[in-house]
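Notes for the structure review
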Amino acid sequence: MKVWKKFVGTAAVSVLAISLAACGEKSSGSGSDDKTLVVGASNVPHAEILEHVKKEYEAKGYKLEIKKFQDYVLPNKALASKEIDANYFQHVPYLEQQEKENKSYKFANAGGVHVEPLGIYSKKYKSLDKLPNGATILTSSNVAERGRVLTFLQNEGLIKLKDGKTTDAQLGDIAENPKKLKFKTNIEASLLPQAYKNNEGDAVLINTNYAIDNGLNPLKDAIASEDESSPYVNIIVTRDGDEKDKRVTALLDVLHEKKNQDWILDKYKGAVVPVSK
């Protein structure tokens, strides 16, 4: 009998230990329950958009926690380490580049929310055709953005890329550069607005979220911007296999509602363009 009691007691302790370990695993991850969604986001416009739909999302029976990030590196690290359930700050080409560079990243595109048209700013010139020969163009040090920048400049008639080169283009893929433009590409994306304000270079390419976050109006201050056909849709990203999680799909359903998309258009005056895919 004593042996049996000892066995039962040992088994009970083992079960308790397993239960506590399981609880520990859940709490050390991102959401504390199956109704809470923790999303990492850039301040503007991502976190603002999430804040706007938060009450409506929670009315569906879920809870939304928003963790703000100031750069483009930490949100994916946090997602990989299960500190968050999803992130909302990046577009598809950046996601693909990050997965190539970090083999441990196993992410999924849960759905698109908006496009932030890339803008080019200049304190010296009112339009791109006024840029002089040999003008210096400041761009982000983010290699994943290089193809976007070059494709944009090609669409504006400033350069021509080698056949077949688009979002994967690098500086070496410029086939024609009639104005002999020079490119400075060693500046962190978040610092480009300050470079513009300091009157550095002849023109500066700035992502919309950083422009808005630094008091710039992309529609008024940019001398040229991408149009709505840009392939750089900002997406909700999850770990692979979580993209169909009900918490995630419920968030996308709310974000894609017309009234919320209309709010995005009105709030950002066309500098942030919603999508429904």
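Residues numbered from 1 in each chain as written. Predicted model: local features only at pLDDT ≥ 70, side-chain atom pairs only at ≥ 80, totals over all residues. Heavy atoms only, no water.

Per an unreviewed UniProt entry, the recorded name for the protein is Lipoprotein, and the organism is Exiguobacterium acetylicum. Heading Subcellular location (unreviewed entry) of the UniProt record for the protein holds this comment: "Membrane". The protein has a UniProt comment under Sequence similarities (unreviewed entry) that states "Belongs to the nlpA lipoprotein family." (UniProt positions renumbered as here; feature names shortened; annotations may be inferred.)

With that settled, consider the packing of aromatic side chains. On inspection of all chains with the given rule, the structure shows eight aromatic pairs. With 6.1 Å between their ring centres and 35 degrees between their planes, Tyr72 and Phe89 make a pair best called tilted. Residue Tyr72 is located in the loop between strand E2 (63-69) and helix H3 (74-80), and its partner Phe89 is located in strand E3 (residues 86-91); the two are separated by 17 residues in the primary sequence. Note on accessibility: Tyr72 and Phe89 belong to one class, buried. Of the aromatic side chains, those joined through ring pairs into one cluster are Tyr72, Phe89, Tyr94 and Tyr210. Above the face of the Tyr62 ring, Lys35 is positioned so that its terminal group lies 4.9 Å from the ring centre. (Phe/Tyr/Trp six-rings, centres within 6.5 Å; stacked < 30°, edge-to-face > 60°. Helix = DSSP H or I, 4+ residues; strand = E, 2+ residues; numbered from the N terminus. Buried < 20%, exposed > 50% of the residue type's maximum accessible area, 1.4 Å probe, protein only. Lys NZ or Arg CZ within 6 Å of the ring centre and 35° of its normal.)

This next bit is on the pattern of salt bridges. Counted according to the given criterion, the structure contains 11 salt bridges. The salt bridge partner of Asp85 is Arg247, with a shortest N-O separation of 3.8 Å. Here Asp85, found in the loop between H3 and E3, pairs with Arg247, found in helix H9 (residues 246-255); they are 162 residues apart in sequence, far enough to count as distant. Among the ionic pairs, Lys269 bridges to Asp266, the shortest N-O distance being 3.7 Å. (Salt bridge = Lys/Arg side-chain N within 4 Å of Asp/Glu carboxyl O.)

On to the sheet that holds strand E4 (residues 107-115). Across a sheet, strands are paired by hydrogen bonds formed along the backbone, either parallel or antiparallel in direction. In space, the six strands of this open sheet follow the order E2-E1-E3-E12-E4-E13, with mixed pairing throughout. What marks the edges here is a single partner per strand, and that holds for E2 and strand E13 (273-274). Where E4 meets E13, two bridges bridge the pair, whose relative direction is antiparallel. Its bridge partner lying in E13, His114 is registered against Pro274. Sitting on the sheet, helix H4 (residues 92-101) touches E3, E4 and strand E12 (233-239), and the angle it makes with E3 is about 110 degrees. (Pairing = 2+ DSSP bridges. Contact = heavy atoms within 4.5 Å. Axes fitted to C-alpha atoms, helices over the stretch in contact; angles between N-to-C directions.)

Residues Val39, Leu50, Leu64, Ile236 and Leu251 are the most contacted members of the largest nonpolar core, which totals 26 residues. At the level of secondary structure, the elements contributing two or more residues to this core comprise strand E1 (36-42), helix H2 (43-58), E2, E3, H9 and helix H10 (258-268). Discounting chain neighbours no more than four positions away, the residues touching Leu251 are Leu37, Val39, Leu50, Val53, Tyr57, Leu64 and Ile236. Counting residues in hydrophobic clusters, the runner-up holds 21 residues, among them Leu128, Leu131, Leu205 and Ala224. (Core = buried A, V, L, I, M, F, W, Y, C linked by side-chain atoms within 4.5 Å.)

Residue placement: Asn234 occurs in strand E12. When near neighbours in sequence (up to four residues on either side) are disregarded, Asn234 contacts His46, Tyr88, Phe89, Gln90, His91, Gly112, Val113, His114 and Glu116.

The next subject is H2. Because each turn of an α-helix spans 3.6 residues, side chains separated by three or four positions end up pointing in the same direction. The principal kink in H2, of about 35 degrees, is found at His52. Turning to H2, its buried residues number three or more, namely Asn43, Val44, Pro45, His46, Ala47, Ile49, Leu50, Val53, Glu56 and Tyr57. (Bend = angle between axes of the 7 residues up to and from the residue.)

This part covers the sheet that holds strand E10 (residues 203-206). One open sheet holds the five strands; their spatial order is E9-E6-E10-E5-E11, and the pairing between them is mixed. Lying at the two open borders of the sheet, with one neighbouring strand each, are strand E9 (182-187) and strand E11 (224-225).

A word on helix H5 (residues 146-155). Burial within H5 is extensive, with eight of its 10 residues counted as buried. Buried residues of H5: Arg146, Gly147, Arg148, Val149, Leu150, Thr151, Phe152 and Leu153, and no others. Gly157, located one to two residues past H5, shows a positive phi value of around 80 degrees.

As a general feature of sheets, a regular strand has side chains that alternate between the two faces. Burial runs high along E4: seven of the nine residues are buried. Two elements, E4 and E12, share seven bridges in a ladder whose sense is antiparallel. Note that in E12 the partner of Gly112 across the bridge is Ile235.

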